[in-house]
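Residue strings, one per chain:
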Amino acid sequence: MTVRPAANQDRALRLRERARLLELRYGAADSETVLEAAIKHVFPGRIAVVSSFGAESAVLLDLVARIDPATPVIFLETGKHFDETLAYRDRLAERLGLTDLRSVTPAAEDLARADADGKLWQRNPDLCCHLRKVLPLQRALSGFSAWINGRKRFQGGLRGGIPVFEAETGRIKVNPLAHWDAAQLREAFENRGLPAHPLADQGYASIGCAPCTAPSGSPVEGAEADARSGRWQGSGKTECGIHKAPWARHQTPRA
């Protein structure tokens, strides 16, 4: 049965209203309260965490694990990650007791059609992200009503004004660390004894795929505005697209 545009618009309006009400109730709460509510009460069994297992990821994953270590954790295995990231993913999941880690890969047919040589990141980084991150995440989130991520306002760019709860493409997105700053991250790593990403000491403040990530300083030190300056250097690109950067709405899997 075809869903009419009016029905889609009505559903989107209801979702935005739900996000607004959740923001009014929990937007000023601490991260633990937000996560407890989202995981156990508002979306029980229907929420996942999306994590890059990057420089700051341990903080959010530790908070989630303390509430429910069986919460699904989705990792976008692009095939272009640093070996250190893959090792850190496995180490951290074991350390925190995460029991439902899902590593999601791109569709083989998409890569065969548009990135047979593995160098699409050079020719068209937006399309590369679309095939290796955006589309796999869409598939991985099927069946979930909400998802949790670790974006923070201090990271700047499109993240500067994010709420704690927002409506996006048919789901609620939860940003429990939206109000955190670099000092709080440092303190959490120290107080909780969390292991750092192996590349953090080499100056990688934000860690994504290896071809498109360069050192930019220590993970939670220095100027906060530079927290993601090592990503896609020289391209003007600041987001991979899973958080609906404007370009991500117009990509198709063609080379």
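The following refers to the structure shown.

Thresholds applied
- Residues numbered from 1 in each chain as written.
- Predicted model: local features only at pLDDT ≥ 70, side-chain atom pairs only at ≥ 80, totals over all residues.
- Heavy atoms only, no water.
- Helix = DSSP H or I, 4+ residues; strand = E, 2+ residues; numbered from the N terminus.
- Buried < 20%, exposed > 50% of the residue type's maximum accessible area, 1.4 Å probe, protein only.
- Areas by Shrake-Rupley, 256 points an atom, 1.4 Å probe, with all protein chains shown as cover.
- Core = buried A, V, L, I, M, F, W, Y, C linked by side-chain atoms within 4.5 Å.
- Contact = heavy atoms within 4.5 Å.
- Polar contact = N/O pair within 3.5 Å; in protein donor to acceptor, adjacent residues only side chain to side chain.
- Arc of directions from axis to C-beta.
- Axes fitted to C-alpha atoms, helices over the stretch in contact; angles between N-to-C directions.
- Parallel < 35°, antiparallel > 145°, perpendicular 65-115°, else oblique.
- Left-handed = near helix turned anticlockwise from the far one by under 90°.

**Focus on the overall build of the protein chain**
A count of helical and extended segments in the protein chain gives eight helices and six strands. Seen in sequence order, the protein chain has helices and strands lined up from the N terminus as α-α-β-α-β-α-β-α-α-α-β-β-β-α. The burial tally for the protein chain puts 51% of its 255 residues in the buried class. As presented, the protein chain carries roughly 12,000 Å² of accessible surface, and 50% of it is formed by carbon and sulfur atoms.

**Examining the nonpolar core**
Within the largest apolar cluster, 45 residues are counted, with the highest numbers of intra-cluster contacts made by Val59 and Ile172. Sorting elements by how many residues they give to this core places helix α3 (residues 57-67) first, with eight residues. What Val59 contacts, discounting residues up to four positions off in sequence, is Leu177, Trp180, Leu185, Ala188, Phe189 and Leu194. Counting residues in each nonpolar core, the second largest holds ten residues, with Val50, Leu137, Leu141 and Trp147 among its members.

**Description of the environment of Asp62**
Checked against the element boundaries, Asp62 lands in helix α3. Residue class for Asp62 comes out buried when judged on its relative accessible area of 7%. Taking the C-alpha atoms as reference, Asp62 lies 9.2 Å from Leu98; in sequence the two are 36 residues apart. One polar contact links Asp62 to Arg66, side chain to side chain, over a distance of 2.9 Å.

**Focus: unusual backbone geometry**
Of note, Phe53 is a non-glycine position whose phi angle comes to about 50°, a positive value. You can see Phe53 is positioned in the loop between β1 (47-50) and α3. Despite not being glycine, Thr169 has its phi angle at roughly 40°, a positive value.

**Observations concerning helix α8 (residues 182-192)**
For α8, the complete set of buried residues consists of Ala182, Leu185, Ala188 and Phe189. Looking down the long axis of α8, one finds its buried residues gathered within 125° of arc, a one-sided arrangement. Turned more than 90 degrees from where α8 packs its buried face, Glu190 and Asn191 sit exposed. Taken together, the buried residues of α8 touch α3 and α4 (83-96). Its side-chain oxygen 3.2 Å from the backbone nitrogen of Ala183, Asp181 forms the N-cap of α8. Directly beyond the C-terminal end of α8, a positive phi value near 65° is found at Gly193.

**Observations concerning the packing of α3 against α8**
Each pair of packed helices can be summarised by the angle the axes make with each other and by the distance between the axes. Interaxial distance between α3 and α8 falls to 10 Å at its minimum, and their mutual angle equals 55°. Taken together, the axes of α3 and α8 are oblique relative to one another. Regarding α3 and α8, the two cross each other, and that crossing is left-handed. Along its contact with α3, which presents Ala58, Val59, Asp62, Leu63 and Arg66, the element α8 presents Leu185, Ala188, Phe189 and Arg192.

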